[in-house]
Amino acid sequence: MIIEGRVWKYGDDVDTDVIIPARFLTTSDPEELKVHCMEDLDYSFSSEVKPGDIIVAGKNFGCGSSREHAPIAIKASGISCIIARSFARIFFRNAVNIGLPVLQVEETVSINKGDLLMVDIARGIIDNKNNGESYRTAPLPQFINDIFQCSGLINYVANQKK
Amino acid sequence: MGKTTAEKIIADHSEAQELNAGDIVLANVDLLMANDVSGPMAVNTFKEINADRVFDHKKIVLIGDHFVPGKDIKSAEQVKVIRDFAREFKLLYFENEGIEHALLPEKGLVLPGQLIAGADSHTVTYGALGAMAFGIGATDMAAAMLTGWVWLKVPETMRIILKGSLSTWVSGKDIILYVINKIGVDGAVYRAIEFTGEGVDSLSMESRFTMANMTVEAGAKTVFFEVDSRAKNYIAERTSKQYRAYSSDSDAYFCETLEINLEDIDLQVAVPHQPSNGKNVREVAGVALDQVVIGSCTNGWLEDLRIAAGILEGKRVKQNLRLIIIPATRNIYKQALQEGLLNIFIDAGAVISPPTCGPCLGGYMGILAKGEKALATTNRNFVGRMGHKESEVYLAGPAVAAASAIKGSIIHPEEVVN
Ligand code: SF4
């Protein structure tokens, strides 16, 4: 799978309360959630994000609560993948489980807002069209690749049931 | 080489004979839990694949605690989703009885050596009783309700050795804020934490629950306290079920070992907007407050209410400051009533809420307006956590909370009591 998209850039420790504040957790409808995605951190996000865009952040992205509403809101916004120096573990597994690619890359500081990235998910290679740089991600464990192949855990489980 | 507690418990819950940190396995759960935020999403996902049975209805607990009693129409409908689902599949269900992480231990549902997956990040709390408990998401929950397993990466373990004993006023909240400040909000990501050392002996069960609860604020996957006589007594008072307690071998691999002398720890306050911003209370004394909240799965225990009542007795809360007190479970509420604590709170001018998460996550029952400052015994002080994105939350234990409510600004309790 090859993804091409523009970068939304954030810092370290972006928590689930700013990704989707708890005051909006009275719904689990992705269409409602996406309207408030990132609003306490970046008010322009939900109105300006385009399908295929990519979030790039520093360390510990998605720390805080276990709310799956967070990766769902991001995915519903059209974000095609998230690249961060590291992820909080529940956010990471939630993203994997809903089939939203999450990639860990050391050099996120050299990626800027608005950069155009080409991401080869399977091979774990990211090309930055703006500065010509290329970054590699740690390879994903087989089980996690299998989940991505099924577009998420629930399909993986449903396939096994058959 | 020896094995850690986490490696042993996961191995005993999977098909693997032996496991090492970093391995990914499918592990069978002893207990699954979801609440009125994570549960509805899990139920919808479960229904999407037309699943028509659960793996074991006695091992799944659903709890209405975040937005109960019904806060508004939307949340009422969310709670209804899990209530109806629990009825349909004959699951354990609690509503209005308390906050999940205080309620499950109290009901005797948490046992040492169990593997517990909860669709809530503070599920780690049960590590105070020697269970391997960790947070999962709603899709995990849906899949596990059907299959009985979750996928897991075996964590490395970091050991925190506690020495000495606590100074006056200091409790589990201060220790954990001190630890998070030392290691940072990602200091334990993907790791299990083990608290050991002679310092643990002096810690009440409440303090251990508080500490275990907040290890997730340093990113921990799970946490263990040794199952000593205090823990065994706590369990024996609640259930006669059998269990197996695990501990790490002395030659197991620990990725990091930290030694902490409890005598070095004074009362802590974590300033906005990270739980790792812990400071000595004297450094932040004087910050004016609009609201104080004593409650949550972190510090809504009976011991916390006793400490608060000891300070508030015969005193009045500062004019124009709102003090909100939330016993974590119905049982704690009742005991506080019988001990006369609630009278003390009412006379001091506090509002007492039924057991709920309420303001802890900015749900209801104490939302902050723009520019307001609150001090809370909860676990997170993120931007907008308790209301408007320009409001601020300071985290502390019950002693600082009660004293600060009287003074109207952050203060060391000894200055109010004497
Ligand atoms: S009290 Fe707060 S931290 Fe605890 S379960 Fe409720 S919302 Fe979560």
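Computed from a predicted structure; not experimentally measured.

Conventions used here
Residues numbered from 1 in each chain as written. Chains lettered and ligands numbered in written order. Predicted model: local features only at pLDDT ≥ 70, side-chain atom pairs only at ≥ 80, totals over all residues. Heavy atoms only, no water. Helix = DSSP H or I, 4+ residues; strand = E, 2+ residues; numbered from the N terminus. Buried < 20%, exposed > 50% of the residue type's maximum accessible area, 1.4 Å probe, protein only. Contact = heavy atoms within 4.5 Å. Areas by Shrake-Rupley, 256 points an atom, 1.4 Å probe, with all protein chains shown as cover. Lys, Arg positive; Asp, Glu negative; His and termini not counted. Charge placed at Lys NZ, Arg CZ, Asp CG, Glu CD. Salt bridge = Lys/Arg side-chain N within 4 Å of Asp/Glu carboxyl O. Polar contact = N/O pair within 3.5 Å; in protein donor to acceptor, adjacent residues only side chain to side chain. Nonpolar A, V, L, I, M, F, W, Y, C, P; charged D, E, K, R; others polar. pLDDT = per-residue confidence, 0-100. Pairing = 2+ DSSP bridges. Axes fitted to C-alpha atoms, helices over the stretch in contact; angles between N-to-C directions.

## Side note on the overall build of chain B
Here is step 1 of the chain: Regarding its fold elements, chain B presents 15 helices and 18 strands.
Here is step 2 of the chain: Expressed as lengths along the three principal axes of its C-alpha atoms, the size of chain B is roughly 60 × 50 × 40 Å.
Here is step 3 of the chain: Counting over 418 residues, chain B shows a buried share of 66%.
Here is step 4 of the chain: Pairs at least 24 apart in sequence give 77% of the contacts found in chain B among residues at least 6 apart.
Here is step 5 of the chain: With an accessible surface of roughly 14400 Å², chain B has 44% of that area assigned to carbon and sulfur atoms.
Here is step 6 of the chain: Between the averaged position of the 41 positive side-chain charges in chain B and that of its 51 negative side-chain charges there is a distance of 4 Å.

## Focus on the interface of chain B and chain A
Here is step 1 of the chain: The interface of chain B with chain A comprises 49 residues on the first partner and 43 residues on the second.
Here is step 2 of the chain: Taken together, the links from chain B to chain A amount to four salt bridges.
Here is step 3 of the chain: The closest approach of N and O atoms between Lys 74 of chain B and Glu 32 of chain A, which form a salt bridge, is 2.6 Å.
Here is step 4 of the chain: Our count for the contact surface shared by chain B and chain A stands at 15 residue pairs in polar contact (both at pLDDT 80 or more).
Here is step 5 of the chain: Sorting the residues of the side of chain B that touches chain A by element identifies β1 (24-28), α2 (38-48), α3 (73-89), β6 (132-135), α5 (138-147) and β7 (149-153) of chain B as the ones contributing at least two each.
Here is step 6 of the chain: Counting residues per element, the side of chain B that touches chain A draws most heavily on α5 of chain B, at seven residues.
Here is step 7 of the chain: In the side of chain B that touches chain A, the residues fall into 24 nonpolar, 15 polar and 10 charged.

## Comments concerning the confidence of the model for chain B
Here is step 1 of the chain: Mean pLDDT over chain B stands at 97; residues scoring 70 or higher make up 100%.
Here is step 2 of the chain: Among the scores for the predicted complex, ipTM is 0.91 and pTM is 0.96.

## Some details on the sheet that holds strand β5 (residues 115-118) of chain B
Residues and elements named next belong to chain B.
Here is step 1 of the chain: Pairing is parallel in the open sheet, where five strands are placed in the order β4-β3-β2-β5-β6. This sheet does not close on itself; its edge strands, each paired only once, are β4 (92-95) and β6. For this sheet, the mean angle separating the axes of adjacent strands, direction not counted, is 15 degrees.
Here is step 2 of the chain: Two strands pair when backbone bridges link them, and strand β3 (residues 60-64) and β4 are joined in this way by four bridges, in the parallel orientation. Residue Ile 63 lies in a different strand from β4, and its bridge partner there is Phe 94.

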